[in-house]
Amino acid sequence: VHDVTSSQIPPWAMATNGVTYRSTRGGASGMRFESVVLAGLAPDRGLYVPESMPSFSPAEIEAMRTYSFEDQAFAIMSKFISRSEIPEADLRSLVNKSYKSFRDPLVTPVVKTGNVHTLELFHGPTFAFKDVALQFLGNLFEYFIGKKQGSERRLTIMGATSGDTGSAAIYGLRGKANVNCFILYPKGRVSAIQERQMATVPDSNIHCLCVEGNFDDCQDIVKGAFMDKSFRDEVKLGAVNSINWARVLAQITYYFHAYYQVTATGKDPNRKINFSVPTGNFGDILAGYYAKRMGLPVRFA
């Protein structure tokens, strides 16, 4: 694996126009990347998804085999983000900044046990797979908000958690300028380690709220806030859970990265491999689906 300078990355890996986004419920279309990242959920409560699907040819996929995780992420994200929204140098900086805190140089290494390969997604700051996406999302929030003026120059993040989402979101957003983060969790329903990860962060923009009840009660509070348009607009409310397209986008990379590691020593580097994915709200497996749509030769179980 080696780092690739911008002059070495081929033109096909750096699309200049990006794509536009629409709501899955049809109430919004033609949306820019920045808008969908900051909004999280569409006004009609649908999820924002790409209106067209960029792809790589088999030759292009093979050409990325020797790229570092960061350069693979840059090449993939460049397909979905217009340079007019995030210039090439800025996107590269955001990607590098997002993964420098990971403890393994491969970011998401694959280890082999018997005949099974396991993708390790626990090398981020909170040991949760969600660090891969939320470190990037936090930097995106700060980048976009930093370009705004006046009352628009702020963002309020509100989320509910049963454990790992909250701590990963907090560590992705702590210390971010003009971004306030409110995380709700159910009293007595998260592990002691997860509670300490959330409740002991001293940054002034982090607010951890313990709620009497269960996770659904926390989620109802958050959903109620997003359904209140006047409140949502007043505080500039945004989301960090898997409804945010940027989280799915960031997770696409580790499917590519895992594929390259598993097929590195095989006789047929283009053979299909099978992924078995434990997934809750389907954000993780959705990223894998988009990787497949982009041309990665994989199957899912």
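Report on the accompanying structure. For every chain, the first residue of the written sequence is number 1, and numbering continues from 1 onward in sequence order. Restriction of local features to residues with pLDDT of at least 70 applies here, the model being predicted, together with a cutoff of 80 or more for giving and counting side-chain atom pairs; totals for whole chains, interfaces and linings are based on all residues. Excluded from the side-chain calculation are hydrogens and water; included are all heavy atoms of the structure.

1. Here we look at the overall build of the chain
Step number 1: A run of H or I in DSSP counts as a helix once it spans at least four residues, and a run of E counts as a strand once it spans at least two, with each numbered from the N terminus. In terms of regular secondary structure, the chain is built from 11 helices and 10 strands.
Step number 2: This radius of gyration counts C-alpha atoms alone. The globule rule is 2.2 Å times how many residues there are, raised to the power 0.38. For 301 residues, the compact-globule formula gives about 19 Å, and the C-alpha radius of gyration of the chain, at 19 Å, lands near that figure.
Step number 3: Based on the C-alpha atoms only, the size of the chain along its principal axes is roughly 55 × 45 × 35 Å.
Step number 4: Burial classification: accessible surface area is computed with a 1.4 Å probe over protein chains only, and a residue below 20% of its type maximum counts as buried, one above 50% as exposed, and the rest as partly exposed. Taken over 301 residues, the chain has a buried fraction of 50%.
Step number 5: We call two residues in contact when some of their heavy atoms are within 4.5 Å. In the chain, the share of contacts with a sequence separation of at least 24, taken over all contacts with a separation of at least 6, comes to 73%.

2. Observations concerning the sheet that holds strand 7 (residues 206-211)
Step number 1: We treat two strands as partners when DSSP finds at least two bridges between them. Strand order across the open sheet formed by 4 strands is 7-6-5-8, with parallel pairing between neighbours. Unpaired on one side and paired on the other, strand 7 and strand 8 (237-238) mark the two borders of the sheet.
Step number 2: When strand 5 (residues 155-160) meets strand 6 (residues 179-186), the two strands line up parallel, connected through 6 bridges. Its bridge partner lying in strand 6, A160 is registered against L184.
Step number 3: For helices, the fitted axis covers only the stretch in contact; all axes are lines through C-alpha atoms, and the angles between them, taken along N-to-C directions, range from 0 to 180 degrees. Relative to the sheet, helix 6 (residues 164-173) contacts strand 5, strand 6 and strand 7, its axis offset from that of strand 6 by approximately 165°.

3. A short note on the pairing of strand 5
Step number 1: Counting buried positions along strand 5 gives 6 out of 6 residues, so the element sits mostly inside the fold.
Step number 2: A clockwise course of the path from the first strand over the helix to the second, judged with the strands pointing away from the viewer, identifies a crossover as right-handed. Crossover strand 5 to strand 6 through helix 6 is right-handed.
Step number 3: Two strands pair when backbone bridges link them, and strand 5 and strand 8 are joined in this way by 2 bridges, in the parallel orientation. Looking across to strand 8, one finds that I157 is bridged to G238.

4. Examining unusual backbone geometry
Step number 1: The backbone of F127 shows a phi angle near 70°, a positive value even though the residue is not glycine.
Step number 2: Secondary-structure assignment places F127 in the loop between strand 4 (116-119) and helix 5 (131-146).
Step number 3: Unlike most non-glycine residues, K236 shows phi in positive territory, near 60°.

5. What about the packing of aromatic side chains?
Step number 1: When two rings of Phe, Tyr or Trp (its six-membered ring) have centres within 6.5 Å they constitute a pair, described as stacked for plane angles under 30 degrees, edge-to-face for angles over 60, and tilted for the intermediate range. Considering all chains together, one arrives at 15 aromatic pairs under this definition.
Step number 2: Ring centres of Y143 and F144 lie 5.7 Å apart, and the angle between their planes is 65°; on these two criteria the pair is classed as edge-to-face. Each member of the pair, Y143 as well as F144, is classed as buried.
Step number 3: Ring geometry for Y259 against Y260: centres 5.7 Å apart, planes inclined by 65°, an arrangement best described as edge-to-face. As far as burial versus exposure is concerned, Y259 and Y260 are alike and both buried.
Step number 4: Ring pairing ties together the aromatic residues Y21, F33, F80, Y143, F144, W245, Y289 and Y290, which thus form one cluster.
Step number 5: Criterion for a charge above a ring: Lys NZ or Arg CZ within 6 Å of the ring centre, and within 35 degrees of the ring normal. The ring of F74 carries R92 above its face, with NZ or CZ at 4.3 Å from the centroid.
Step number 6: Against the face of Y171 rests R174, its NZ or CZ located 5.2 Å from the ring centre.

6. Points about the environment of R153
Step number 1: Note that R153 resides in the loop between helix 5 and strand 5.
Step number 2: When the C-alpha positions of R153 and V179 are compared, they lie 8.9 Å apart, and in sequence the two are 26 residues distant.
Step number 3: Contacts of R153, omitting those with residues within four sequence positions, involve I145, G146, K147, K148 and N178.
Step number 4: Two N or O atoms form a polar contact when they lie within 3.5 Å of each other; inside protein one atom must be a possible hydrogen donor and the other a possible acceptor, and for residues adjacent in sequence the pair counts only when both atoms belong to side chains. A distance of 2.7 Å separates the side chain of R153 from the backbone oxygen of G146, its partner in a polar contact.

7. Section: the nonpolar core
Step number 1: Think of a nonpolar core as a cluster: buried Ala, Val, Leu, Ile, Met, Phe, Trp, Tyr and Cys residues, connected wherever their side-chain atoms sit within 4.5 Å. Among the nonpolar cores identified, the biggest contains 79 residues, and F33, M77, F80, Y99, F141, I252 and F256 are the most heavily contacted of them.
Step number 2: Among the elements that make up this core, the one with the highest residue count is helix 10 (residues 245-262) (13 residues).
Step number 3: In contact with F33, not counting residues within four places along its chain, are Y21, F80, I81, E85, I86, L140, F144, W245, A246 and L249.
Step number 4: Formed by 11 residues, the second largest nonpolar core is a distinct cluster that contains M158, V211, C218 and A225.

8. What to know about the environment of G40
Step number 1: Inspection of the secondary structure assignment puts G40 in the loop between helix 1 (33-39) and strand 2 (48-50).
Step number 2: Through-space distance from the C-alpha of G40 to that of G150 is 21 Å; in sequence the pair is 110 residues apart.
Step number 3: Leave out the neighbours within four places in its chain, and G40 touches Y48, A239, I243 and N244.

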